[in-house]
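Structure assessment
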Amino acid sequence: MLADKREFPCQVLEMSPGDALVIAPVTGLVGEKVIAYLDHIGRIEGMIVEEVDGGFLMNIEATIRKRDKMAAQLTWLANKDILNLPEDRRHERVVPDNRHSTVVLDDGRRYNCKIIDISLSGAAIELDVRPAIGTRVSLGRMRARVVRHFHNGVAVEFASTQEMITVVQQNLRVN
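My aim in this report is to walk through the structure given alongside it, one point at a time. In this text, all values refer to a predicted model and were calculated from it rather than measured experimentally.

Here's the deal with the environment of Pro-9
With respect to the secondary-structure elements, Pro-9 resides in the segment before β1 (11-15). Given the relative accessible area of 63%, Pro-9 is considered exposed. The spacing of Pro-9 and Pro-25 is 16 residues in sequence and 7.5 Å in space, taken between C-alpha atoms. Discounting residues that sit within four places of it in the chain, Pro-9 has contacts with Ile-23, Ala-24 and Pro-25.

Written as structure tokens, this is what we have:
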């Protein structure tokens, strides 16, 4: 997303915790603020520091903690196939029997959603809105908070870890 709020698809060719080489149909201008939502990384923001053929180089503005987390995730992504590493998850993810549910924000707004996958500690959901990271929501009958954005939805972490995946699936439905 460029400074004027226009959004475009993009692809990151190279990335470090400090900058990213991005290809996109629209490049923006040097000095322009950019926000991107990247699979496996989440939201990054910064400024365009250089135009390149078919895209731009952007710096990444982030706290030291966010940079450290990003470095760990980039290292895992770079090595997972080479070293045959397992998914970096606390709990196994499964696709639920019924993938349709409802997200309710604290102010009462309700949105239909589609569950991508679930685990004992959270879920990835397709959602037309992107509540801010940290926003408390209800997914079905379970309290959760938004922990990550991705291109077509959000990931939520349940307020308490569930004991059985069947309980998670039962609680996705709203009576």
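A short note on the sheet that holds strand β5 (residues 55-59)
The five strands lie next to each other as β1-β2-β5-β4-β3, forming an open sheet whose pairing is antiparallel. Among the strands making up the open sheet, the edge pair consists of β1 and β3 (33-38). With strand direction ignored, the average angle separating the axes of adjacent strands in the sheet is 40°. Note: β1 against strand β2 (residues 19-23), four bridges, orientation antiparallel. Among the inter-strand pairings, Glu-14 is bridged to a residue of β2, identified as Leu-21.

Reading the values: rules and limits
Residues numbered from 1 in each chain as written. Predicted model: local features only at pLDDT ≥ 70, side-chain atom pairs only at ≥ 80, totals over all residues. Heavy atoms only, no water. Helix = DSSP H or I, 4+ residues; strand = E, 2+ residues; numbered from the N terminus. Buried < 20%, exposed > 50% of the residue type's maximum accessible area, 1.4 Å probe, protein only. Contact = heavy atoms within 4.5 Å. Pairing = 2+ DSSP bridges. Axes fitted to C-alpha atoms, helices over the stretch in contact; angles between N-to-C directions.

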